[in-house]
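Examination of the molecular architecture
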Amino acid sequence: MELYSLTGSQLAELLKLGKISAEEILSSLSLRAAGKEEKVKAYVRFDGRLERLPGEGSPARGPLSGIPVSVKDNICTRSRNTECCSRILSGYRPPYDATVISRLKLAGASIISTKTNMDEFAFGSSTENSCFGPSRNPWDTQCVPGGSSGGSAAAVAADEAVLALGSDTGGSIRQPASFCGVVGLKPTYGRVSRYGLVAFASSLDQIGPITKDVRDSALLLNSISGYDPKDSTSVNTPVPDYTACLGLPVKGMRIGVPREYMVEGIDPQVREALLRSLEEFKRLGAECSEVSLPHTEFAVPVYYIIATAEASSNLARFDGVRYGFRTAAAEGINAMYSRTRGEGFGKEAKRRIILGTFALSHGYYDAYYLRALKVRTLIKQDFEKVFGEFDCVVAPTSPTPAFKLGEKMGDPLKMYLSDIYTISANLAGIPAISLPCGFTSGGLPVGMQIMSGHFREENILKLAYAYEQAASAGAESKRRPVL
Amino acid sequence: MEYEAVIGLEVHVQLNTSTKAFCACRAEFGVEPNTNICPVCLGLPGALPVLNKVVLSHALKVGLALGCSIQNRTKFDRKNYFYPDLPKGYQISQFDLPVALEGEVRIDTPAGEKCVRVKRVHMEEDAGKLMHDAEGSLVDLNRAGVPLLEIVTEPDMNAPDEAYAYLTKLKSVIEYLDVSDCDMEKGSLRCDANVSLRTKGESRLGTKAELKNMNSFKAVKDALLYEIGRQAEILDGGGKVAQETRLWDARQAKTFSMRSKEEAHDYRYFPDPDLTLFLITNEEIEEARAGIPELPQQKAARFMREFGISAYDSGILTADKRDAAFAEECIKVFPSGDKKPVVNYLIGPLLAEANSRGCGLSGLKLPAERLLELVSLVQKNVISNLVSKTVLKEMIDRQVTAEEIVKSRDLAQISDTSALDGIIARVIAENDKSVQDFRSGKENAVMFLVGQVMRMSSGKANPKVVQELLKRRLTDA
């Protein structure tokens, strides 16, 4: 067994026993990446090998000591390129580490300095909107890995990463995890500090783990969670040991299946896979019943107003004055702004800035932004009501498996609908995980989503772990992408 | 046509917190450009604001001191616009849930006391500073993120003098609270004015112009005066005043159009998702209230009550916090139940001296006991009031006592009639016309003669004694 193919917790175990060294892990992973990057393109500015960030003062025996963690290109790493896969941040190196990076250093992790690919500023569901070009799905390199954290998901699926960080604003961790057959967790809003995450939509963004299995997800969540005085939206509530709930019985857990998620637009094979999973939950002793989240149909429009409004403001700082890209020549400040932003942003970024600017404009604010906030509250209340009676909600992660490169690039609406099942969790601020639940006949992974109430990550991890354990007996769980 | 001016003011006060509003950078001035900066106030990608709690407590104090109702729920909003001194492309400000609403400032006008309503008080962050030279423009972000309070009035003022009085009063209150140094020249207090005209008796508001770029209270007054004249001229000519922002040019003493209503920014305000809603409890409000010191109005009332001095005098003495403390010390130490002599000296010669030196009473650095010694020398007729002014100057310049100066320069007043006789005789002999005037019934002519005696005695003669002697001589003869 090659080291790169092991999970984080398996590697931690071997390290603890002194059977392997952190250097061996890193070199195994680096060689693997060197061999597969040409096909997968999970990393940006990959120069043939992976290196770790200097971990000043990191303990030799932290919970993640020696375990490599790959990082999405929108999470700040001091003195290392953090470009959000946008031309406008080309060459940008932050003078500080994001809080999650500081925490990972404290946990002893080997943080990979080469960043993972993403849609520019996390705008997209396919990683095709990257100024560095798209990543490929390791299961079928003609397909997209999903997005926006497509690089992280593809790297984990291709064994080019052990653990990875993504960010999720409307599904950007879960949808690529489902497309790539790995585990992606979006924590409760406020669970993980956003300090140092380049903001897309501040009220929705959350950093989370993308891993090979549920245990690794819990392991990584342990290290990145917790109150951060530098982030006013982080919540000061205790962080449990998320690995402690793994293996606890799920008998009697009440699972709701929203009827609004199982309707038109869903790929029959995705539907089948989900129904099979529900049978598995029942076998494990959980109770499954249909529930209603009546405002689901408004989630996508509400999301595209709130997210673009916040993005239009968050991206105003990229003006060419202080850092990043500046146009070669322009007369006067206004020309400099227009040309810098015109040349620096990609098409989807411009589309979202314009949409968001419009939604916030005088005379439209009440009809769009304010209305959207009100509907967002209704969506939140839908979930609160359901979680009053149920422990978890189970739904598909995405209506379809991975699609072909270029398939949806010409139709932004189609692309947006790819996040139809994931967006609600961001609007409600609740935790949600995507984990593999089978394959299509074409051999593409299908993902299932488990959601729970605020700060109920343990419910999700417990149920996901139980399912993963049960499924591990099957032949499907042994399938690996052929690269 | 007779018009009535309608004036509203927006004042920005820079709070004197030790650190910035949303990061831990020092909020100090006069240091090397771009040294008090960090990822947050630089607006670096990924950095997030965290409110400095002192900003909130300062805002509460100001709100309470202005009689506002403090809002139990307050939030921050983003004001979006592009400018090179604005690192994030938006300013963190407050839009629809400001920290304090509906207060008032009472001002004195020729027609009596008037109440100027304060519409709102809100917190926001300052922008950086641009510096232009021949090669281009440079940005200094030391000031970016420094906390400001914006205090907005209702359009309740009707004359430039009222605007001036409001600003003076507001500044006094804020200085008492010790939340800002209110130095307009340093930019720690800035004022924009909205002004419109309407026909007297009309209740509807006319079209307003917003005036900017005034860097003293006097400039605010001058700009308003000019603008009222300009608008009146337009209206008299049958024209319409354009809604626009105009810049005051102090050199040319004119306002110039900066941008019209059509060109006005759409700031696209929306709640800042990086900062949560702030809930202010009644306990916090009471705590802030307990931290408010005696304010000028209260102090003035107390001076009147305790020291038996007039409303006018106590108003002058309490306008500035440090001056009021100095005055109170002087009045308290003054060894007599009747405080009139020391109060008169404070608001007379001492204030005149302070004004001529461009400082306040306390800025003269005169110990209270020395001032009292001087006042008692005047009271005891050792020196005249006139001579005391010379002595005062020297006391301040040389930091010595009045007694020393009087002794060393032989300034003691001459009340001895025999010593004055010679001078008086000479003055009578040399000023025949005034003597005739007096004798023909013009009583006032004697004052001229007194003045001559004072001059010839280098101010040392006791004017009362001189006047008596003169009258006696002139009527006797």
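Residues numbered from 1 in each chain as written. Chains lettered and ligands numbered in written order. Predicted model: local features only at pLDDT ≥ 70, side-chain atom pairs only at ≥ 80, totals over all residues.

Turning to the overall build of chain B, a few remarks are in order. Each helix and strand counted, chain B has 15 helices and 16 strands in total. What you see for chain B is a C-alpha radius of gyration of 29 Å, clearly larger than the 23 Å of a compact globule of 477 residues, by over 25%. Taken along its principal axes, the extent of the C-alpha atoms in chain B is 95 × 55 × 50 Å. Relative to its full complement of 477 residues, chain B shows a buried share of 40%. When contacts within chain B are restricted to residue pairs at least 6 apart in sequence, those whose partners lie at least 24 apart make up 68%. (Helix = DSSP H or I, 4+ residues; strand = E, 2+ residues; numbered from the N terminus. Rg over C-alpha atoms; globule rule 2.2 N^0.38 Å. Buried ≥ 20, exposed ≤ 12 C-beta atoms within 10 Å, placed from the backbone. Contact = placed C-beta atoms within 7 Å.)

Turning our attention to the interface of chain A and chain B. By convention, interface size is frequently given as the accessible area that disappears when the constituent parts associate. Counting from both sides, the interface comprises 33 residues of chain A and, opposite them, 25 residues of chain B. Put simply, the parts of the chain that give the side of chain A that touches chain B at least two residues each are α8 (299–314), α9 (333–344) and α10 (347–360) of chain A. Classifying every residue of the side of chain A that touches chain B by side-chain character gives 17 nonpolar, nine polar and seven charged. (Nonpolar A, V, L, I, M, F, W, Y, C, P; charged D, E, K, R; others polar.)

Now for helix α6 (residues 214–224) of chain A. Residue and element names in this part refer to chain A. With eleven of eleven residues buried, α6 lies mostly within the body of the structure. For α6, every residue scored as buried is listed here: V214, R215, D216, S217, A218, L219, L220, L221, N222, S223 and I224. Following α6 by one or two positions, G226 adopts a phi angle in the positive range, close to 125 degrees.

Moving on: the sheet that holds strand β6 (residues 254–258) of chain A. Residue and element names in this part refer to chain A. Across the sheet, ten strands lie side by side as β2-β1-β3-β5-β4-β9-β10-β8-β6-β7; this open sheet has mixed pairing. Of all strands in the sheet, those bounded by a partner on one side alone are β2 (110–111) and β7 (287–291). Strand direction decides the pairing type here: strand β4 (residues 183–186) and strand β9 (residues 432–439), joined by three bridges, are antiparallel. The residue bridging G184 from the neighbouring strand is S434, located in β9. Running over the sheet, helix α4 (residues 150–157) touches β1 (68–71), β3 (163–168), β4 and β5 (206–211) and is turned about 155 degrees from β3. Its contacts with the sheet put helix α14 (residues 457–471) on β8 (392–396), β9 and β10 (445–451), and the angle it makes with β9 is roughly 15 degrees. (Pairing = 2+ DSSP bridges. Axes fitted to C-alpha atoms, helices over the stretch in contact; angles between N-to-C directions.)

What follows deals with the packing of α6(A) against α14(A). Relative orientation and spacing of two packed helices are given, respectively, by the angle between their axes and the distance between those axes. All names here are of chain A. Between α6 and α14, the least distance of the axes is 9 Å, while the angle of their chain directions is 155 degrees. When the axes of α6 and α14 are compared, the pair comes out roughly antiparallel. On α14, the residues touching V214, R215, S217, A218 and L221 of α6 are E457, L461, A464, Y465 and E468. (Parallel < 35°, antiparallel > 145°, perpendicular 65-115°, else oblique.)

So, about the packing of helix α8 (residues 340–356) of chain B against helix α9 (residues 368–379) of chain B. Residue and element names in this part refer to chain B. Relative to each other, α8 and α9 sit at 115 degrees, their axes nearing to 10 Å. Taken as axis vectors, α8 and α9 run roughly perpendicular relative to one another. Crossing angle aside, the handedness with which α8 passes α9 is right-handed. Mapping the contact onto sequence places P341, V342 and Y345 in α8 and L372, V375 and Q379 in α9. Counted by class, the contact of α8 with α9 contains five nonpolar, one polar and no charged residues. (Left-handed = near helix turned anticlockwise from the far one by under 90°.)

Looking now at the environment of B:C191. Residues and elements named next belong to chain B. Summarising the element assignment, C191 is placed in strand β11 (residues 189–199). Overall, the presence of 25 C-beta atoms within 10 Å leaves C191 in the buried class. Taking the C-alpha atoms as reference points, C191 and M214, 23 residues apart in sequence, are found 6.8 Å from one another. Not counting the four nearest positions on each side in its chain, C191 is found in contact with L9, V11, L167, M214 and V220.

Turning next to the pairing of β10(A). Both faces of the sheet carry side chains from a regular strand, because those side chains alternate between them. Residues and elements named next belong to chain A. Within β10, seven of the seven residues are buried, leaving the element largely enclosed by the surrounding structure. Burial of the side chains of β10 extends over both faces: P445, G447, Q449 and M451 are buried on one face and V446, M448 and I450 on the other. Taken together, the four bridges between β8 and β10 define a ladder with antiparallel strand orientation. Within β10, the residue paired with V393 across the bridge is M451. Both β9 and β10 contribute to a ladder of six bridges, which runs antiparallel. Within β10, the position partnered with L435 by the bridge is M448. Where β9 hands over to β10, the hairpin turn is made up of five residues, of which G443 adopts a positive phi near 85 degrees.

Hydrogen bonds between backbone groups are what pair the strands of a sheet, and the pairing can be parallel or antiparallel. All names here are of chain B. Reading across from one edge, β5-β4-β15 is the order of the three strands in this open sheet, with antiparallel pairing throughout. Because the sheet does not close on itself, it has two edges, and the strands there are β5 (90–93) and β15 (270–271). Looking at chain direction, strand β4 (residues 77–80) and β5 are connected through four bridges and run antiparallel. Looking across to β5, one finds that N80 is bridged to Y90.

Tracing the backbone through its elements, the reader meets A:A349 in helix α10. Each C-alpha atom of the pair A:A349 and A:A34 lies 31 Å from the other, and the pair is 315 residues apart in sequence.

Let us now look at unusual backbone geometry. Residues and elements named next belong to chain A. The amide bond that connects G147 to the next residue, S148, takes the cis arrangement and shows omega of 5 degrees. Relative to the helices and strands, S148 resides in the loop between β2 and α4. Of note, the phi angle at C84 is positive, near 50 degrees, even though the residue is not glycine. As for its placement among the helices and strands, C84 is situated in the loop between β1 and α3 (99–106). Residue C85 is not a glycine yet carries a positive backbone phi of 50 degrees. With respect to the element layout, C85 can be found in the loop between β1 and α3. Residue C85 is classed as buried on the basis of its 30 C-beta neighbours within 10 Å.

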